[in-house]
Amino acid sequence: MGKRHHKYDYFSAFESLSELAVDEADLLIKAIEDFSTADALKETMEKAHAIEHKGDDINHDIFRNVATDFITPIDREDIIGLAQALDTIIDELEEVIQRFYMYDVHFMHKDALEFARLLKKECKALNKAMEDFRNFKKSKKFKSLIIEVNTYEEEADQLLMHVIRDLHTTDCENTMRVMVWSRIFEHMENCADATEHAADCMSTILLKNV
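Residues numbered from 1 in each chain as written. Predicted model: local features only at pLDDT ≥ 70, side-chain atom pairs only at ≥ 80, totals over all residues. Heavy atoms only, no water.

A. Local environment of the environment of Met45. Following the sequence through the fold, Met45 ends up in helix 2 (residues 42-68). A relative accessible area of 16% means that Met45 is categorised as buried. Apart from the residues lying within four places of it in its own chain, the contact partners of Met45 are Ile97, Gln98 and Tyr101. (Helix = DSSP H or I, 4+ residues; strand = E, 2+ residues; numbered from the N terminus. Buried < 20%, exposed > 50% of the residue type's maximum accessible area, 1.4 Å probe, protein only. Contact = heavy atoms within 4.5 Å.)

B. Broad picture of the pattern of salt bridges. Taken as a whole, this structure holds twelve salt bridges when the rule is applied. Across the salt bridge formed by Asp61 and Arg64, the nearest N and O atoms sit 2.3 Å from each other. Here Asp61 and its partner Arg64 are both found in helix 2, three residues apart, which amounts to about one turn of the helix. A salt bridge links Asp111 to Lys110; the shortest N-O distance between them is 3.2 Å. Bridged by salt links that share partners, the residues Asp9, Glu15 and Arg134 form one connected network. (Salt bridge = Lys/Arg side-chain N within 4 Å of Asp/Glu carboxyl O.)

C. Summary view of the packing of helix 3 (residues 76-102) against helix 4 (residues 112-131). It is at 13 Å that the axes of helix 3 and helix 4 come closest, and there the two elements cross at 155 degrees. With respect to their mutual orientation, helix 3 and helix 4 come out roughly antiparallel. In the packing of helix 3 onto helix 4, the handedness of the crossing is left-handed. Of helix 4, the residues touching helix 3 (which contributes Leu82, Leu86, Ile89 and Leu93) are Leu119, Cys123, Leu126 and Met130. Split by residue class, the contact of helix 3 with helix 4 holds eight nonpolar, no polar and no charged. (Axes fitted to C-alpha atoms, helices over the stretch in contact; angles between N-to-C directions. Parallel < 35°, antiparallel > 145°, perpendicular 65-115°, else oblique. Left-handed = near helix turned anticlockwise from the far one by under 90°. Nonpolar A, V, L, I, M, F, W, Y, C, P; charged D, E, K, R; others polar.)

D. Region of the structure containing helix 3. End to end, helix 3 covers 37 Å across 27 residues, agreeing with the expected 39 Å (1.5 Å per residue, within 8%). A positive phi of about 50 degrees marks Asp104, the residue just after helix 3. (Expected span 1.5 Å × (residues − 1).)

E. Seen up close, the environment of Arg177. Looking at where Arg177 falls in the secondary structure, it is placed in helix 6 (residues 175-209). On the basis of relative accessibility, which here comes to 30%, the residue Arg177 falls in the partly exposed class. Sequence separation between Arg177 and Val105 is 72 residues, and the spatial gap between their C-alpha atoms is 8.8 Å.

F. Region of the structure containing the packing of helix 2 against helix 3. With their axes 10 Å apart at the nearest point, helix 2 and helix 3 run at an angle of 170 degrees to one another. Relative to helix 3, helix 2 is oriented roughly antiparallel. Residue composition of the contact of helix 2 with helix 3, grouped by class: twelve nonpolar, six polar and seven charged.

G. Here's a closer look at unusual backbone geometry. Unlike most non-glycine residues, Asp104 shows phi in positive territory, near 50 degrees. Topologically, Asp104 is positioned in the loop between helix 3 and helix 4. Residue class for Asp104 comes out partly exposed when judged on its relative accessible area of 41%.

So this is what it looks like as structure tokens:
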């Protein structure tokens, strides 16, 4: 009797990636709540990179299997596209923490925590949708979960507009502070965009397979 081939579970891999995104968002919140100095962030950056490395390992597994599997549950290009989109979320969240260090911030902006908490809500909404993704053809709640992700992204857009205007009106005399925090907040909004993009990838897969 021939050896039975183990079928790779792409959906479990996707779930693992979306869970790592939530973990990275959690770490971002902790970095903000516990902030003292930029130099003190080195340990947090190591933890963030460890999460990012786990995501890379999962992606390598996905790419290796999608290249060799005779049959995949959804189109190969969709598997690769979604895996890359999820990996981007983790990368972008890690980069926010790195920017606190690279820009040598001397204080934590009052709106940073609100933004980070919103990003975590969006990542958690994506993770909930991902938990239901393997059943997307039959699920009655998958579409509403995707809409929830999109709603949080819209809130991030509005928050970015508020914080950037606040910087240019309240801190307008401190050019460096305006520049640094504008870049950080814009990158936090990139995290929200990346999360929405992953949700859009899932929606596209749904439309192609119904």
